[in-house]
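Summary of the model geometry
In case you want the letters, here they are:
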Amino acid sequence: LLGVTPWRVADYEHLMSLRTRGERVHYTDRDTLLYALGVGFGRDPGNPNELSYVAEHAGLKTLPSYASILASSTVLDDCGWDTSRVVLRAESVTLERPIDEAGALLVDREVAAVFDKGADEGALIVVESRARREQDGQAIFTTRRTWLARGDGGFGGPRGSSSSPHVLPTRRPDMTQRCETRADQALLFRLSVDRNPLHVDAAVARQHGLDGPILHGLCLQGIACHAILQVICDFDHTLIRSLAVSFAGPAYPGETLEAE
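**Observations regarding the pattern of salt bridges**
- Taken as a whole and judged by the stated rule, the model has 13 salt bridges.
- Residue Arg 130 is joined to Glu 128 by a salt bridge in which the shortest nitrogen-to-oxygen separation is 2.8 Å.
- Residue Glu 128 is classed as buried on the basis of its relative accessible area of 16%.
- If you follow the salt bridges from partner to partner, you end up with Arg 19, Arg 21, Glu 110, Glu 128, Arg 130 and Arg 144 in one network.

**Description of the sheet that holds strand β1 (residues 19–27)**
- Spatially, the 6 strands line up as an open sheet ordered β1-β3-β4-β5-β2-β7, and their pairing is antiparallel. Edge positions in the sheet fall to β1 and β7 (242–246), since each has one partner strand and no second. Strand-to-strand twist across the sheet, computed as the mean angle between neighbouring axes with direction ignored, equals 20°.
- Pairing of strand β4 (residues 123–133) with strand β5 (residues 139–149) involves 10 bridges; the strand directions are antiparallel. By the bridge assignment for β5, Glu 128 is matched with Arg 144.

**Some points on the pairing of β5**
- For β5, the tally of buried residues reaches 8 of 11 residues, placing the bulk of the element in the interior.
- Of the strand pairs in this sheet, strand β2 (residues 86–95) and β5 are connected by 9 bridges, and their pairing is antiparallel. Bridge assignment links Glu 91 to a residue of β5, and that residue is Arg 145.
- Hairpin connection of β4 to β5: 5 residues between the antiparallel strands, including Gly 137 at a positive phi of 75°.

**Let's talk about helix α2 (residues 29–38)**
- Within α2, burial applies to Thr 32, Leu 33, Leu 34, Tyr 35, Ala 36 and Gly 38.
- Considering only its buried residues, α2 is in contact with β1, α3 (48–54), α4 (67–70), α5 (185–189) and α7 (217–231).
- Positive phi appears at Gly 40, one or two residues downstream of α2, with a value of about 110°.

**Regarding the side chain of Thr 143**
- Along the chain, the position of Thr 143 falls in strand β5.
- Assessed through its relative accessible area of 2%, Thr 143 is described here as buried.
- Contacts of Thr 143, omitting those with residues within four sequence positions, involve Ala 67, Ala 71, Glu 91, Ser 92, Val 93, Val 127, Glu 128 and Ser 129.

**What about the environment of Ile 240?**
- Mapping Ile 240 onto the fold places it in the loop between α7 and β7.
- Sequence separation between Ile 240 and Ile 228 is 12 residues; the distance between their C-alpha atoms is 8.7 Å.
- Not counting the four nearest positions on each side in its chain, Ile 240 is found in contact with Pro 64, Leu 95, Cys 225, Ile 228, Leu 229 and Cys 233.

Rules of the game
- Residues numbered from 1 in each chain as written.
- Predicted model: local features only at pLDDT ≥ 70, side-chain atom pairs only at ≥ 80, totals over all residues.
- Heavy atoms only, no water.
- Salt bridge = Lys/Arg side-chain N within 4 Å of Asp/Glu carboxyl O.
- Buried < 20%, exposed > 50% of the residue type's maximum accessible area, 1.4 Å probe, protein only.
- Pairing = 2+ DSSP bridges.
- Helix = DSSP H or I, 4+ residues; strand = E, 2+ residues; numbered from the N terminus.
- Axes fitted to C-alpha atoms, helices over the stretch in contact; angles between N-to-C directions.
- Contact = heavy atoms within 4.5 Å.

Honestly, that's just the spatial picture; any functional story needs more than this.
Structure representation (C-alpha cells):
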C-alpha cells in the first residue's frame, strides 16, 4: 500500500505515459547489510555460509532479490489510484550480472501495461525498471512489478489475458526449507523500504481487515530467495539469474513459513 493522495484512475493514456529516465540510485554496503538482516540472514552468527551476506570483511555478497528494493520508485505517486485499496500482486527480477555490494545505479522506469479487470476486481498496473551501473553503463537488472488497484477497475482500458498461479504438483516436493520469521521482522525490514504503518501498527492492520501487522511482500520475496540460496545454490548468489513471485495472501511476523 502506498501513502499518496487518493483520486480515481480514469485516464489510461496518462498511466501509459508515466516514466522516468536515468534516476540515480545510490546505496552503500550498510544498505546491503541491512536488507540481508531484514530477510533473515545472520540468525546463526556461526554459519560461515551466511557470513558473507552480513559482514563486509568476509567479501560482501548482495542478495539477488535486493534488486527489488533498488528498483522502488515514486513513478505512480500521481497516477490517480485509490491508494487505500492498492496491493502488490507480483514481482519479477532478471539479472544480467550480480549486484555490486555498494555503488550508484541509473534506473529507467515506465508503466509497461495497464489492464482493466472490471469494477469488481480492479486494475492491474505493471511497472518495469531497468538498472545500469552509473560508472560504466553496464546493465545490471530488470524488474517488473505488478500492482492491483482494487478500487480502480472499470475505467475502460484493455482487459488483457487472464493469468493464474503456477499449479502445484501433486507429488511431494523435492526439497523443503523451514523459514522462521521474527516477531520484530517487519520493524527491521521497513528500514530498507516502505514504512507503511500497516506493517507495524495493529490498529491500522485491523482497519484493513487483518489480524495484525503483516510482513511486507518484498520481505517474503527475500525470504524465498534466502531459502533458494540455502537448499539449491549452496549460498552462491551468482547462480540465481531470475526470480518471479506472486502474492496470494498475508504472512505475519513470528510465523514459521515453509518453502517447498
